[in-house]
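Geometric and topological summary
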Amino acid sequence: DGGITQSPKYLFRKEGQNVTLSCEQNLNHDAMYWYRQDPGQGLRLIYYSQIVNDFQKGDIAEGYSVSREKKESFPLTVTSAQKNPTAFYLCAAGGGTEAFFGQGTRLTVV
Amino acid sequence: AQSVTQLDSHVSVSEGTPVLLRCNYSSSYSPSLFWYVQHPNKGLQLLLKYTSAATLVKGINGFEAEFKKSETSFHLTKPSAHMSDAAEYFCVVSVMNRDDKIIFGKGTRLHILP
């Protein structure tokens, strides 16, 4: 069954710790994306990658890092430099006529 | 580069009355346009998409949208609102070129009044 898998669904971390969110796809899409959702602000683009070993900053990349070592995987690290990391994070793949989304990870930093 | 603007952050309609959620886009290339719905604490669900075929697109749950190139619009409509339609709706634009990105509007929260 093709799709995007984000794990975990809920994640809790202490302030000052880095945390990595997983995103895996078996759709064979070159392009993958990470978005952050906050109430009243829609989904804002953090990072995107159009090909393996290459990625670009989106609108709110500060405090985040990514890697794209293989086509299927696009993990997002929320670093301690991110001032307000508590949010809902959504991974996507596709582009052009197709767009697929994971179920999201809700990160809470306490 | 492409962008998308949802003109209303909140829309309230009475149950049984028509729904109109407005979306305008800009794109240097022929876009694909999508409408997604998100219910509280749920993921995104695709309502419908336009991919350069018919300009009037029918989706799930009675929703439809019309692509109007001259107005750069892709408004979402439904003839009769139901209480279960209360949710957040996102208009999304995507293009197929080297700088391919999927861009979201800021969302419109639809409230259904009894």
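The sections below set out a description of the structure shown in this document. Since we're looking at a predicted model, the values are computed, not measured.

Conventions used here
- Residues numbered from 1 in each chain as written.
- Chains lettered and ligands numbered in written order.
- Predicted model: local features only at pLDDT ≥ 70, side-chain atom pairs only at ≥ 80, totals over all residues.
- Heavy atoms only, no water.
- Helix = DSSP H or I, 4+ residues; strand = E, 2+ residues; numbered from the N terminus.
- Rg over C-alpha atoms; globule rule 2.2 N^0.38 Å.
- Buried < 20%, exposed > 50% of the residue type's maximum accessible area, 1.4 Å probe, protein only.
- Contact = heavy atoms within 4.5 Å.
- Areas by Shrake-Rupley, 256 points an atom, 1.4 Å probe, with all protein chains shown as cover.
- Core = buried A, V, L, I, M, F, W, Y, C linked by side-chain atoms within 4.5 Å.
- Buried area = accessible area lost by both parts, 1.4 Å probe.
- Salt bridge = Lys/Arg side-chain N within 4 Å of Asp/Glu carboxyl O.
- Nonpolar A, V, L, I, M, F, W, Y, C, P; charged D, E, K, R; others polar.
- Pairing = 2+ DSSP bridges.
- Axes fitted to C-alpha atoms, helices over the stretch in contact; angles between N-to-C directions.
- Disulfide = S-S within 2.5 Å.

Section: the overall build of chain A
- When helices and strands are counted, chain A shows zero helices and eleven strands.
- Its helices and strands taken in sequence order, chain A reads β-β-β-β-β-β-β-β-β-β-β from the N to the C terminus.
- The C-alpha radius of gyration of chain A comes to 13 Å, within 12% of the 13 Å expected for a compact globule of 110 residues.
- Taken along its principal axes, the extent of the C-alpha atoms in chain A is 35 × 25 × 25 Å.
- Counting only residues that meet the buried cut, chain A has 48% of its 110 residues in that class.
- Partitioning the intrachain contacts of chain A with sequence separation of at least 6 by distance along the chain shows that 50% fall at a separation of at least 24.
- For chain A, the accessible area works out to roughly 5400 Å², and carbon and sulfur atoms hold 45% of it.

Comments concerning the environment of D54 of chain A
All names here are of chain A.
- On the secondary structure map, D54 appears in strand β6 (residues 54-57).
- Judged by its relative accessible area of 31%, D54 falls in the partly exposed class.
- Between the C-alpha atom of D54 and that of L27, which follows or precedes it by 27 residues, the distance is 19 Å.
- The contacts of D54, once residues within four sequence positions are left out, are S49 and R68.

Side note on the nonpolar core
- Y35 and F101 of chain A together with W35 and Y89 of chain B are the most contacted members of the largest nonpolar core, which totals 45 residues.
- Ranked by residue count, the leading element in this core is strand β10 (residues 87-95) of chain B, at six residues.

What about the interface of chain B and chain A?
- Every contact between the two is made by 22 residues of chain B and, on the other side, 21 residues of chain A.
- Interface area, chain B with chain A, both sides summed: about 1800 Å², of which 55% is carbon and sulfur.
- At the junction of chain B with chain A, the criterion picks out zero salt bridges.
- Looking at the side of chain B that touches chain A, the elements that each hand over two or more residues are β5 (31-38), β6 (44-50), β10 and β11 (102-104) of chain B.
- Residue composition of the side of chain B that touches chain A, by class: nine nonpolar, seven polar and six charged.

Describing the sheet that holds strand β3 (residues 19-25) of chain A
Residue and element names in this part refer to chain A.
- Across the sheet, four strands lie side by side as β1-β3-β8-β7; this open sheet has antiparallel pairing. Only two strands of the sheet have a single partner each, and these edge strands are β1 (4-7) and β7 (64-66). Each adjacent strand pair in this sheet contributes to an overall mean axis angle of 20°, direction not counted.
- Taken together, the three bridges between β3 and strand β8 (residues 76-78) define a ladder with antiparallel strand orientation. By the bridge assignment for β8, V19 is matched with V78.

Digging into the state of the cysteines
- Counted according to the given criterion, the structure contains two disulfides over all chains.
- The residue that forms a disulfide with C23 of chain A is C91 of chain A, at a sulfur-sulfur distance of 1.8 Å. Across the disulfide from C23 of chain A to C91 of chain A, rotation about the S-S bond amounts to roughly -75°, and the bridge is consequently left-handed. Placement of C23 of chain A in strand β3 and of C91 of chain A in strand β9 (residues 87-95) is noted, with a sequence separation of 68 residues between them.
- The exposure class of C91 of chain A is buried, given its relative accessible area of 0%.
- Disulfide pairing is shown between C23 of chain B and C91 of chain B; the S-S distance is 2.0 Å. On the sign convention where negative means left-handed, the S-S torsion of about -70° between C23 of chain B and C91 of chain B marks this disulfide as left-handed. Separated by 68 residues along the polypeptide, C23 of chain B in strand β4 (residues 23-26) and C91 of chain B in strand β10 bring together distant segments of the chain. Each member of the pair, C23 of chain B as well as C91 of chain B, carries the same accessibility label: buried.

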